[in-house]
Amino acid sequence: MAIISVENISKKYTDIQALDNVSFQVNEGELYGMIGADGAGKTSLFRILTTLMLADKGKAKVNGWDVVKDYKKIRNSIGYMPGRFSLYQDLTVEENLHFFATLFNISVKKNYDLIQDIYIHIEPFKTRLAGKLSGGMKQKLALCCALIHRPSVLFLDEPTTGVDVVSRKEFWEMLCKLKKQGITILVSTPYMDEATLCDRITLIQSGKILSIDTPQGIIKHYPDSMYGLKSSNMNMLIYDMQKAENIKSCFAFGEYLHLSFQNDNEAARDELRNYLTEQGHQNIELKQIMPNIEDCFIKLMEK
Amino acid sequence: MLRFLLRKEFKQIFRNKTLLPMIFAMPIIQLFILPLAADYEMKDISVAIIDHDHSVYSQKLTSKIAASGYFNITAYPKSFNDAFEFIENDKVDLILEIPLNFEQELIVVKGQKLFIAVNAINGVKASLGVAYLNRIIADFNTNVRLQCIHPERFNIVPTIRVTSSNWFNPVMNYRYFMVPGILVLLISLVATYMCALNTIREKEMGTIEQINVTPIKRTLFILGKLIPFWVIGLLVFSFGLFIVARFIYGIVPVGSIILLFGYLSVYLIAMLGLGLLISTYCETQQQVMFITFFFMMVFILMSGIFTSIESMPAWAYIIAKCSPVTYFIDVIRMVILKGSGLGDIQYHFLMMLGFAILFNLWAILNYKKTM
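Residues numbered from 1 in each chain as written. Chains lettered and ligands numbered in written order. Predicted model: local features only at pLDDT ≥ 70, side-chain atom pairs only at ≥ 80, totals over all residues. Heavy atoms only, no water.

Enquirer: A description of the packing of aromatic side chains should follow, citing residues and the corresponding values.
Expert: What the rule picks out here adds up to 25 aromatic pairs over all chains. Judged by centre distance (5.9 Å) and plane angle (10°), the rings of B:Phe242 and B:Phe261 are stacked. Of this pair, B:Phe242 sits in helix H10 (residues 218-249) while B:Phe261 sits in helix H11 (residues 257-281); the two residues are 19 residues apart in sequence, bridging distant segments of the chain. Residue class for B:Phe242 comes out partly exposed when judged on its relative accessible area of 30%. On the basis of relative accessible area, B:Phe261 is assigned to the buried category, the value being 17%. Judged by centre distance (6.5 Å) and plane angle (85°), the rings of B:Tyr281 and B:Trp362 are edge-to-face. Placement of B:Tyr281 in helix H11 and of B:Trp362 in helix H15 (residues 346-370) is noted, with a sequence separation of 81 residues between them. B:Trp362 sits in the partly exposed class, given a relative accessible area of 41%. An aromatic cluster is defined as three or more aromatic residues linked by ring pairs; in this entry it consists of B:Phe237, B:Phe242, B:Phe261, B:Tyr263, B:Tyr267, B:Phe328 and B:Phe349. Over the ring of A:Tyr191 we find A:Arg168; its NZ or CZ atom is 3.8 Å from the centre of that ring. The ring of B:Phe177 carries B:Arg333 above its face, with NZ or CZ at 3.6 Å from the centroid. (Phe/Tyr/Trp six-rings, centres within 6.5 Å; stacked < 30°, edge-to-face > 60°. Helix = DSSP H or I, 4+ residues; strand = E, 2+ residues; numbered from the N terminus. Buried < 20%, exposed > 50% of the residue type's maximum accessible area, 1.4 Å probe, protein only. Lys NZ or Arg CZ within 6 Å of the ring centre and 35° of its normal.)

This is the structure we're talking about:
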């Protein structure tokens, strides 16, 4: 059953088309990712679904309720964590949590089991002002506050932007746990590596949906074979690859260059090896690899 | 629910270590200082006297001016050009020129002319200075006539003697008049600015988004913003009236305190509503500061605190009547100085109720639309 359904939603700001005929569905209990660069329209979509903004066109439903007509019911049953930290910086950790609980007319104690795993990390700092917390702590507190009324759907807008690698990893582990509790989660992120942790993802660019699939599905549909290329002089390698022939695409990616050939066969690979040896490269390593989400995203953007 | 909202607001206000002392210190300090700035009595007007005569009479006139207490004779230049230089350098406000043969012609020809030049950059100082100086010269003239003319003949001329009595402020102490007015201004500033800035802060910090996704009602949220500053407004006013005004200026309200506070309560709701309204149209604290400043300047200067609104041109009078500050200044003076009752201020009461309803309703409607 679709918990979130979006049908042909469009939103235009004075001169920017933020969302252009967007449609997708999120099933119950799914961890659903919106992947896109900054300015792709992710936040606009979140604001429409959380009843903070009206769409120009199209329909959207959350929990079967219309975002315009039944906004009151939706507000009771969702948790929203905006991209920007927006809790009261001049209240303490504890006070923020209790305040948001009272807004839903419940006590912290009642739903403590749900947030326990997360809250335990910040409990030692519960008398500290929220504004004085570190980035990772702030995110955890914001997640606690968004969860305290036991929402059935959780909207997380770029929850890990500006958070260190360890906290990011912890944060995603928490999301997986919440998913097990049956909470449907819609999460947006500009980080491609986080996409593989989602059940399904939507790639979005300039307000348009590029692709909807499972992360594996998206990778499987990558049309070309992908190769990793490495040599002892990486800087020169990038430069030389720009002049190489028979190359379809080539990007620097971590310690390897990711490339695909226009005409892919054994001869082409040998030709490339020879060309690079001529250019004076040593320890050339060329091997076939699995494309990742980012490769797919770049590919889709090019179309 | 409201209880929790209020608890949160008060916590935030009391935790703000710069704002809280300012809310209370500002009105008190300003109540000490500002009445001095609104002093209409002119003292220490600098005069240059050009005495071409050097006679007994001119000496007498000079010492009479010096003894009046209003003037400082700063220079005795030789010519008008010298004296004018003093005016240009802002050393002198007034020039009095006593012509040659002043004494002789006064007695022989029975008439003589004096010349007064005034630096009119400061209009109040200029007109008051000339008025004071004319009084002194007229007085001097009477003395001269008394000396020259037989008393019997002089008395034949019928004269009107004017005696005036100042009702409600017998010794014409301008402070009785100004201090309550200034108290109104301070209360207005505290209420409008605090409410507008506090609300815009929620917007700027993004916390309003987090509030808006909860099922909490708008009116409740707005009430949570109004009540704390309403209470603070009442406290600041009480402090100003019962402590500063009474013990420093000796002002004891003649009229009913309950009536005054009743009016204040409605007035505060109106001004808080204005602050809220401004914040719904703004995005940043800067915008709020500037727009509030604009409105408060107009409201204060047009409120009749310094100048009577009845003497304004008709269109300005209408603007003054559109300002809530005008009504409260009127009411506070009526109640404190005159002891007016509810019957006397019922028109003011209705107008203020109108303002309160208008501003708050408008703010709530616009809040719904813009958020």
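Enquirer: Describe in detail the environment of B:Phe24, supporting the description with residues and values.
Expert: Residues and elements named next belong to chain B. You can see Phe24 is positioned in helix H2 (residues 19-37). The class for Phe24 is partly exposed, based on a relative accessible area of 30%. For Phe24, the contacting residues outside a window of four places in its chain are Leu235 and Val236. (Contact = heavy atoms within 4.5 Å.)

Enquirer: Any details on the domain arrangement of chain B? Residues and values, ideally.
Expert: The domain boundaries assigned to chain B delineate domain 1 (2-38 + 170-370) and domain 2 (45-156). Each of domain 1 of chain B and domain 2 of chain B was reduced to a C-alpha centroid, and the two centroids are 49 Å apart. (Domains from an automatic or database assignment.)

Enquirer: Explain the sheet that holds strand E7 (residues 153-157) of chain A to me, and be specific about the residues and the numbers.
Expert: Residues and elements named next belong to chain A. An order of E6-E7-E8-E3-E9-E10 is seen for the six strands of this open sheet, with the pairing classed as mixed. The sheet is open, and its two borders are formed by strand E6 (78-81) and strand E10 (208-213), each paired with just one other strand. Here the average twist between neighbouring strands, direction ignored, is 15°. Together, strand E3 (31-35), E6, E7, strand E8 (184-189) and strand E9 (200-205) form the strand contacts of helix H1 (residues 42-49), whose direction differs from that of E8 by roughly 150°. Across the sheet, helix H5 (residues 135-147) touches E6 and E7, and the angle it forms with E6 is around 160°. (Pairing = 2+ DSSP bridges. Axes fitted to C-alpha atoms, helices over the stretch in contact; angles between N-to-C directions.)

Enquirer: Give a description of the domain arrangement of chain A that names residues and reports values.
Expert: Residue and element names in this part refer to chain A. According to the domain assignment, chain A contains domain 1 (2-220) and domain 2 (226-302). Between domain 1 and domain 2, the C-alpha centre-to-centre distance is 38 Å. Taken together, both faces of the contact between domain 1 and domain 2 bury some 920 Å²; the carbon and sulfur share is 88%. In terms of surface lost to domain 2, no three residues of domain 1 exceed Met192, Leu210 and Ile219, which account for 58% of the buried area on that side. Counting across the domain 1 and domain 2 interface gives zero salt bridges. The tally of links between domain 1 and domain 2 comes to zero residue pairs in polar contact (both at pLDDT 80 or more). For the side of domain 1 that touches domain 2, the secondary-structure elements that each account for two or more residues are helix H7 (192-195), E9, E10 and helix H8 (215-220). The greatest single-element share of the side of domain 1 that touches domain 2, amounting to four residues, is contributed by E9. (Buried area = accessible area lost by both parts, 1.4 Å probe. Salt bridge = Lys/Arg side-chain N within 4 Å of Asp/Glu carboxyl O. Polar contact = N/O pair within 3.5 Å; in protein donor to acceptor, adjacent residues only side chain to side chain.)

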